Amino acid sequence: MVKQRRAAVLPTNLPHLQYLVKRDPESYQDEFLMQWRHYESTRDIFLVKPEDEGTEFAELVGFMAHVSNCYPTETASFPNDLTMLLTNHHAVLHPDLREKLVQSLVLLRNKDVITSISLLQTLFPLLANTPSKNLRVQIYNTIVSDIRVANQKAKNHRLNKTVQSVLFGMVEQGAEDGSSTAGAWAVKLTREMWKRGIWDDARTVEIMKEAALHTNHKVMSGGIHFFLGADEEKAEASDSEEEEDISIKKVLHQNVINKGSKKRDKQFRTAIKKVHKQREKRHQVSTLNFSALHLLHDPQGFAEQLFSKHLTNSKTRLIMEQKLAVLQLVSRLIGVHKLSVLGFYSYILKFLSPSQRDVTHFLATAAQASHEFVPPDVLEPVIRRIADEFVTGGVAPEVVQAGINGIREMCARAPLAMNPTLLHDLTEYKGSRDKGVMMAARGLIGLYRDIAPEMLKKKDRGKNASMGMKTHSEIKFGQELGAQRGIEGLELLAEWKKEQEANKGSGDEEEEDEDEWGQWEVESDEDSDGEGDWVAVQSDGEDINISDSEDEDGKKKEKAEKKKPLSRKRKAEEEEEESDEDIEDVEAAARVREELAAAEKRFSELATTKILTPADFAKLEELRVQAAANRMLGLRGKQPPKTGGEYVDAAAIEGPRKKTKADYAERMASVAEGREGREKFGSRKQFRDEAGRSTTNREKARKKNFMMIVHKRSVQGKSKRSLTDKQRALRAHVEKQKKKGH
């Protein structure tokens, strides 16, 4: 066979020519120009009938995409040819050729022949217009990958703004056309970028805001669920990325144990670099990560548009799940931004019924929309409706529990919406036999002990709340709940500094003890000398009498009705006891006032006279954590007021649920499920009738020799039985034989 020259083989062997051109472009320029002319002629022939398979044309396109960076002048029109083919003939192209064209464009982008903006401008129209599902998936993955790579080292703001403008136009394109799905892929892409943390600015939120107001239900649902669950998706994505981190100890161990090679050493060095890069990235100062709801430009207008367009518009036809999603978003906007959408509360009344499906979600929605700036007259009908429908006789305990929990969540955000009469009725459920109802009622009592103890009955206030009523200020409409004044926990740092100074400044222990005893004596003298002053304080009508017995007032009335004459000595003793109790109550209230004044004084001194160092802030954080742990463990410490959080979960409305007793069918189904695949653990009775089966231990014992079992306790005990035991055993044997029919 005659050996062919390399130049004769090159025109037909494109992979080999591609390899040679990449090594030495100048030497093989003539061969490349020959292939370029062949590509142009093949392209013109293919454009006459673009629905053909075009295998040869696909090979030439792949070759040109790989070597176009070597001859930029000759291949200047090549990217435009690919863009024209995809834009004009994407519907009739063969799937393999269409995939090859997209891959070639991505390859040109990777070789910096074209920019990311030109690539995305070509692919975005195809994403919305092509009927091919495979092409849409390929384009979507290509766009996500390209944006992620472009923002890997630093934020590419120019590219991000361009892409966001295109996506905003896709969403606006079919905003008034219910059949248009142009915005569906824009919503999906935007959610993916937010989930990966690539886009976290206000422009992204504005795109999803327009999607939430879209006429198409699919686009609208995507936009609404973005605001309801985007932050959770983002947190899950960051957690999954942290789980994929490489352990440096594991890599070191594998490199020591495994057999060494150049490839393994290279992998080891790459892994070490990646670990160091991850650690540097972890210690970098990150920008503030705001929630999507906090980045809205006009939340009041957005909430009103959602409510008027999707809920009160007669032309909009939404299913129940979609209505619930819109209500949840509107309520979350109202609760987070303290908005005023008064029509929302009258609209939600029709969904507050025990027979309503997913009623706990509607209760959570009503609670989420409550805040201290909503007029109490607007919220009171909602609370009254929940009380009339849920907290009433003839309903299950779970319904009562959900109703009281829903009212508690609303009152935690708007305490003035509750009137004392209804509150007294609801607190009577603290004696319910059902544990869930009892816990719900006690939770409501605990809430009002912190924020408004004067609305509770005297017996429900508790000792701490009763003593704190002297210093407790009445809640007013428009007063923000739980507002932090100054630095949180600064009084803890002041107390800790005072203890440290006392420990450092202690010279002699005996002198310190004498000083402490001296202070104690002075205080006791002051207390004893001030007994005359307590009578003057008692004459003030604002004092509160705290009695250990709940029925003391009733007993006093009964005594007054009977009007039995008492001796002077007895009257004097009773008056003395009552005065002592009043003095104890006043002393407790005075101690509370003194403690609050001292804490406020320590806070003001430390905040106005000293500059806190980083060490002080570190210690302050430690004291906060310790105080929070003490509160969780039930230890002493100042409890923060129980105000509602930013979000309300439906599980908090349901509360703890008791497991119901299963019926016969459920128990049998559970037994059958437990028997699946457990043949080897089952009984062997069914196999005893077969030939060659083994005998039981009882059957074997019957056939044993008497001398083999004479030492057993069961045999020896028979001879020592009493006559009564023998008669009882004989009678039982006779009864057993009768039942068998013998």
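Residues numbered from 1 in each chain as written. Predicted model: local features only at pLDDT ≥ 70, side-chain atom pairs only at ≥ 80, totals over all residues. Heavy atoms only, no water.

1. A few points about the packing of aromatic side chains
Logical step 1: In the structure shown here, the tally under the stated rule is 15 aromatic pairs.
Logical step 2: Here the aromatic rings of Phe 351 and Phe 362 are separated by 4.9 Å at their centres, their planes lie at 5 degrees, and the arrangement is stacked. Note that Phe 351 is positioned in the loop between helix 17 (343-347) and helix 18 (359-368) and Phe 362 in helix 18, a separation of eleven residues in sequence. Per residue, the accessibility class of Phe 351 equals that of Phe 362, and both read buried.
Logical step 3: Members of the aromatic cluster, joined through ring pairs, are Phe 307, Phe 344, Tyr 345, Tyr 347, Phe 351 and Phe 362.
Logical step 4: Directly above the aromatic system of Tyr 140 lies the positively charged group of Lys 188, at a separation of 4.7 Å from the ring centroid. (Phe/Tyr/Trp six-rings, centres within 6.5 Å; stacked < 30°, edge-to-face > 60°. Helix = DSSP H or I, 4+ residues; strand = E, 2+ residues; numbered from the N terminus. Buried < 20%, exposed > 50% of the residue type's maximum accessible area, 1.4 Å probe, protein only. Lys NZ or Arg CZ within 6 Å of the ring centre and 35° of its normal.)

2. Here we look at the packing of helix 5 (residues 78-89) against helix 6 (residues 95-110)
Packed helix pairs are specified by the crossing angle of their axes together with the interaxial distance, meaning the distance between the axes.
Logical step 1: One way to put it is that helix 5 packs onto helix 6 with a least axis distance of 10 Å and a crossing angle of 145 degrees. Helix 5 and helix 6 meet at a crossing whose hand is left-handed. Mapping the contact onto sequence places Phe 78, Pro 79, Leu 82, Thr 83, Leu 85 and Leu 86 in helix 5 and Arg 98, Leu 101, Val 102, Ser 104, Leu 105 and Leu 108 in helix 6.
Logical step 2: Along the lines of polarity and charge, the residues of the contact of helix 5 with helix 6 split into nine nonpolar, two polar and one charged. (Axes fitted to C-alpha atoms, helices over the stretch in contact; angles between N-to-C directions. Left-handed = near helix turned anticlockwise from the far one by under 90°. Contact = heavy atoms within 4.5 Å. Nonpolar A, V, L, I, M, F, W, Y, C, P; charged D, E, K, R; others polar.)

3. A word on the side chain of Thr 130
Logical step 1: Relative to the elements of secondary structure, Thr 130 occurs in the loop between helix 7 (116-129) and helix 8 (133-150).
Logical step 2: Excluding anything up to four places from it in sequence, Thr 130 contacts His 90, Leu 135 and Arg 136.

4. Considerations on helix 21 (residues 420-427)
Logical step 1: Leu 422, Leu 423, Leu 426 and Thr 427 are the residues of helix 21 that are buried. For helix 21, the angular spread of the buried residues around the axis is 135 degrees, confining them to a single face.
Logical step 2: Each element contacted by the buried residues of helix 21 is listed here: helix 19 (376-389), helix 20 (397-413), helix 22 (435-451) and helix 23 (458-461). (Arc of directions from axis to C-beta.)

5. Remarks on helix 4 (residues 55-67)
Logical step 1: For helix 4, spanning 13 residues, the distance from its first C-alpha to its last is 19 Å, which sits close to the expected 18 Å at 1.5 Å a residue.
Logical step 2: Buried residues of helix 4: Phe 57, Ala 58, Leu 60, Val 61, Gly 62, Phe 63, Met 64, Ala 65 and Val 67, and no others.
Logical step 3: Looking at the buried positions of helix 4, the neighbouring elements they touch are helix 2 (14-23), helix 3 (29-48), helix 5 and helix 6. (Expected span 1.5 Å × (residues − 1).)

6. Regarding the nonpolar core
Logical step 1: Phe 227, Phe 344, Met 418 and Tyr 448 are the most contacted members of the largest nonpolar core, which totals 138 residues.
Logical step 2: A per-element tally of this core places helix 16 (residues 320-337) first, with nine residues.
Logical step 3: In contact with Tyr 448, other than residues within four places in its own chain, are Cys 411, Pro 415, Met 418, Leu 423, Pro 453, Met 455 and Leu 456. (Core = buried A, V, L, I, M, F, W, Y, C linked by side-chain atoms within 4.5 Å.)

7. Digging into a positive patch on the surface
Logical step 1: On the surface, Arg 698, Arg 702, Lys 736 and Lys 740 cluster together into a positively charged patch.
Logical step 2: Within the secondary structure, Arg 698 is located in helix 33 (residues 697-702). (Patch = residues over 30% accessible without salt bridge, like charges linked within 9 Å, V, L, I, M, F, W, Y side chains within 5 Å. Areas by Shrake-Rupley, 256 points an atom, 1.4 Å probe, with all protein chains shown as cover. Salt bridge = Lys/Arg side-chain N within 4 Å of Asp/Glu carboxyl O. Lys, Arg positive; Asp, Glu negative; His and termini not counted. Charge placed at Lys NZ, Arg CZ, Asp CG, Glu CD.)

8. Quick look at the pattern of salt bridges
It is possible for side chains bearing opposite charge to pair when their charged atoms get close.
Logical step 1: Scanning all chains against the criterion turns up 13 salt bridges.
Logical step 2: As a salt-bridge pair, Glu 428 and Lys 457 come within 2.7 Å of each other at their nearest N and O atoms. Separated by 29 residues along the polypeptide, Glu 428 in the loop between helix 21 and helix 22 and Lys 457 in the loop between helix 22 and helix 23 bring together distant segments of the chain.
Logical step 3: Judged by its relative accessible area of 27%, Lys 457 falls in the partly exposed class.
Logical step 4: Through salt bridges with shared partners, a single network forms among Arg 43, Asp 44 and Asp 81.

9. Focus: the environment of Glu 206
Logical step 1: Structurally, Glu 206 can be placed in helix 11 (residues 202-212).
Logical step 2: Look at Glu 206 and you get partly exposed, because its relative accessible area is 21%.
Logical step 3: Residues Glu 206 and Leu 296 lie 90 residues apart in sequence; the distance between their C-alpha atoms is 7.1 Å.
Logical step 4: Ignoring sequence-local partners within four residues, the contact set of Glu 206 consists of Phe 168 and His 297.

10. Let's talk about a negative patch on the surface
Logical step 1: A contiguous patch of negative charge on the surface is contributed by Glu 51, Asp 52, Glu 53, Asp 96 and Glu 99.
Logical step 2: Position of Glu 53 relative to the elements: it lies in the loop between helix 3 and helix 4.

11. As for unusual backbone geometry
Logical step 1: For Asp 112, which is not glycine, the phi torsion reads 60 degrees and is therefore positive.
Logical step 2: Relative accessible area serves as the criterion here: at 61%, Asp 112 is assigned to the exposed category.
Logical step 3: Phi is positive for Asp 358, which is not a glycine, with a value near 55 degrees.
Logical step 4: By the secondary structure assignment, Asp 358 is in the loop between helix 17 and helix 18.

Nothing here speaks to function; it is all geometry.
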